[in-house]
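Close look at the chain arrangement
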Amino acid sequence: MGKVVLVTGVARQLGGRFVRRIQREPDVDRVIGVDAVPPEHHLGGADFLRADIRHPTIGRVLAEHSVDTVVHMDVNGTPLGKRGSRASVKETNVIGTMQLLGACQKTPSVKRLVIKSSTNVYGSAPRDPAVFTESTPPKSLPSGGFAKDVVEVEGYVRGFARRRPDVAVCVLRFANVLGPCADSPLAEYFSLPVLPTVLGFDPRLQFVHEDDAIEVLRIAAGEPARSTLNSGTFNIAGDGVLLLSQAARRLGRPTLPFFLPTVTWVGSALRSVGALDFSPEQVRLLTHGRVVETTQMRETLGFRPRYSTPEAFADFARSRGPGLLPPETLARTVDRIAALMPAGSGQN
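Residues numbered from 1 in each chain as written. Predicted model: local features only at pLDDT ≥ 70, side-chain atom pairs only at ≥ 80, totals over all residues. Heavy atoms only, no water.

A word on the overall build of the protein chain. From N to C terminus, the protein chain includes 12 helices and 13 strands. Residues classed as buried in the protein chain amount to 50% of the 348 residues present. Of all intrachain contacts in the protein chain linking residues separated by at least 6 positions in sequence, the fraction that spans at least 24 positions is 81%. By element, 56% of the accessible surface of the protein chain is carried by carbon and sulfur atoms, the whole surface being about 15900 Å². (Helix = DSSP H or I, 4+ residues; strand = E, 2+ residues; numbered from the N terminus. Buried < 20%, exposed > 50% of the residue type's maximum accessible area, 1.4 Å probe, protein only. Contact = heavy atoms within 4.5 Å. Areas by Shrake-Rupley, 256 points an atom, 1.4 Å probe, with all protein chains shown as cover.)

And the structure:
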């Protein structure tokens, strides 16, 4: 008998894509997709079960189908479409993860657990280190939002790993996932005709292409290749970084700098009218940025992304169409202005 893989969060595009991909693995016999709402996309030959992981029924699903591999992708920062609220997302992230882990603990057949986490766990603060490793603690614990959810989720996962040492646990901390199908808050931000920015700051950003996200999830869900280990916690990001100003230029979108309090107010206004999920943690990211070290991803997990950070962003930019300003003309103009500026007068 091949493996029975259960995947949560399959109503989202990334979850659906992973379900279709994992079915092609030769050692996978059956894939079960779980979500509280039916997906609008096809899941290939996978079975879909409408179930809310916040409820104890998820335990019966694991036991009845003798699931041995669980890929928990239902940890998200925003509601699915316009059908949910931030409160329901938080409940799914935290309460749903607790219920799922409790069910996994009671199910002897479960032997592998993969968690889709986020580099949001490190936060974004002015005194952050230049680069976060997997063992770097945040300067201050997040006070709310998705970042706090992720911190709580990972805490529950560590508790589960202590109680079930026989289960191989892999936590993947993804940088911002971008690509043609990206539906994250950052993708919405980059789709604005004019990008509000924080005056005096030009943060460094990292991205993961959605194709690479699918591939690393596949690696984490399978048996480790020779000389690799797919148990533990890993930062997942494409090579290199992009400054926010570089990203705007490559999109052909002008930026509109505001003082930090004004950007926070603008974000609240956009959220209140449902135009954009511009959360306080998003504002902090666009102020201070975040960069993570990926040595363990390469040397231990054995994963090398096909797309660098700039390449992932370029593919995303192509899918969004041209901005208000031609990128080539905008880049030449900014470069000329920069060349005329006195040395040391650049932004922090």
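Attention shifts here to the packing of aromatic side chains. Each aromatic ring pair is described using two quantities: the centre-to-centre distance and the angle formed by the ring planes. Under the defined criterion, the tally for this structure stands at seven aromatic pairs. Between Y122 and F132, the ring centres sit 4.7 Å apart and the planes meet at 20°, which makes this aromatic pair stacked. With Y122 in the loop between β5 (112-118) and α4 (145-163) and F132 in the loop between β5 and α4, this pair connects stretches of sequence that are 10 residues apart. Like Y122, the residue F132 is buried in the burial classification. Between F313 and F316, the aromatic rings sit 5.9 Å apart at their centres with planes inclined by 50°, giving tilted as the arrangement. Of this pair, F313 and F316 both sit in helix α11 (residues 309-320), three residues apart, roughly one helical turn. Taken as a pair, F313 and F316 share a single burial class, namely buried. The structure contains a cluster of three or more aromatic residues connected by ring pairs, namely Y189, F190, F207, F313 and F316. (Phe/Tyr/Trp six-rings, centres within 6.5 Å; stacked < 30°, edge-to-face > 60°.)

We now examine the side chain of N235. Mapped onto the secondary structure, N235 falls in strand β11 (residues 232-236). With a relative accessible area of 0%, N235 lands in the buried category. Only 3.5 Å separates the side chain of N235 from the backbone oxygen of F132, close enough to count as a polar contact. In this structure N235 touches Y122, F132, T133, E134, R173, V292, E293, T294 and M297, once residues within four positions along its chain are discounted. (Polar contact = N/O pair within 3.5 Å; in protein donor to acceptor, adjacent residues only side chain to side chain.)

Here we take up the packing of helix α2 (residues 57-64) against helix α3 (residues 86-106). The interhelical angle for the contact between α2 and α3, taken along N-to-C directions, is 35°, at an axis separation of 9 Å. In this structure, the crossing between α2 and α3 has a hand that is right-handed. Within the contact between the two elements, α2 uses I58, G59 and L62 and α3 uses Q99, L100, A103 and C104. Per-class residue counts for the contact of α2 with α3 are five nonpolar, two polar and no charged. (Axes fitted to C-alpha atoms, helices over the stretch in contact; angles between N-to-C directions. Left-handed = near helix turned anticlockwise from the far one by under 90°. Nonpolar A, V, L, I, M, F, W, Y, C, P; charged D, E, K, R; others polar.)

The next thing to look at is α4. Here α4 contains 19 residues, and its C-alpha end-to-end distance of 28 Å stays within 8% of the 27 Å for a straight helix at 1.5 Å per residue. For α4, every residue scored as buried is listed here: F146, A147, D149, V150, V153, E154, V157, G159 and F160. Of the surrounding elements, those touching the buried residues of α4 are α3, β5, β6 (168-174) and α9 (280-288). (Expected span 1.5 Å × (residues − 1).)

Below, the discussion takes up unusual backbone geometry. Glycine aside, residues mostly have negative phi angles, and peptide bonds mostly take the trans form. Non-glycine residue S66 carries a positive phi angle of around 50°. Mapped onto the fold, S66 is located in the loop between α2 and β4 (69-72). Its identity as a non-glycine residue notwithstanding, S227 has a phi of 70°, on the positive side. A relative accessible area of 69% places S227 in the exposed class.

Turning next to the nonpolar core. The nonpolar side chains of a soluble globular protein tend to be buried with one another. Core analysis: the biggest nonpolar cluster contains 62 residues, and V7, F18, V70, V71, L172 and I236 have the highest contact counts within it. For this core, the element with the most residues is helix α6 (residues 210-221), which contributes seven residues. (Core = buried A, V, L, I, M, F, W, Y, C linked by side-chain atoms within 4.5 Å.)

Next up on the list: the sheet that holds strand β1 (residues 3-8). Across the sheet, which stays open at both edges, the seven strands sit in the order β3-β2-β1-β4-β5-β6-β11 with parallel pairing between neighbours. Single-partner strands in this sheet number two, and they are β3 (47-50) and β11. Across the sheet, the axes of successive neighbouring strands diverge by a mean angle of 20°, strand direction being ignored. The sheet contact formed by strand β2 (residues 28-35) and β3 spans four bridges and is parallel. Each residue of the ladder has a partner; that of I32, found in β3, is D47. Here α3 sits on the sheet and contacts β1, β4 and β5; the angle it forms with β4, its principal contact strand, is near 175°. (Pairing = 2+ DSSP bridges.)

Time to look at the environment of T133. By secondary structure assignment, the location of T133 is in the loop between β5 and α4. The spatial distance from the C-alpha of T133 to the C-alpha of E293 is 5.1 Å, given a sequence separation of 160 residues. Residue contacts for T133: discarding those within four places in its chain leaves Y122, N235 and E293. Among the polar contacts made by the side chain of T133, one reaches the side chain of T136 at a distance of 2.8 Å.

This paragraph deals with α11. One turn of an α-helix holds 3.6 residues; hence residues three or four places apart share an orientation. For α11, with 12 residues, the first-to-last C-alpha span of 17 Å sits near the 16 Å given by 1.5 Å per residue. Those residues of α11 that sit buried are T309, A312, F313, D315, F316 and A317. Lining the buried residues of α11 we find β7 (176-178), α5 (185-190), β9 (204-205), β10 (207-209), β12 (242-243) and α7 (244-251). Looking one or two residues beyond α11, the residue adopting positive phi is G321, at roughly 80°.

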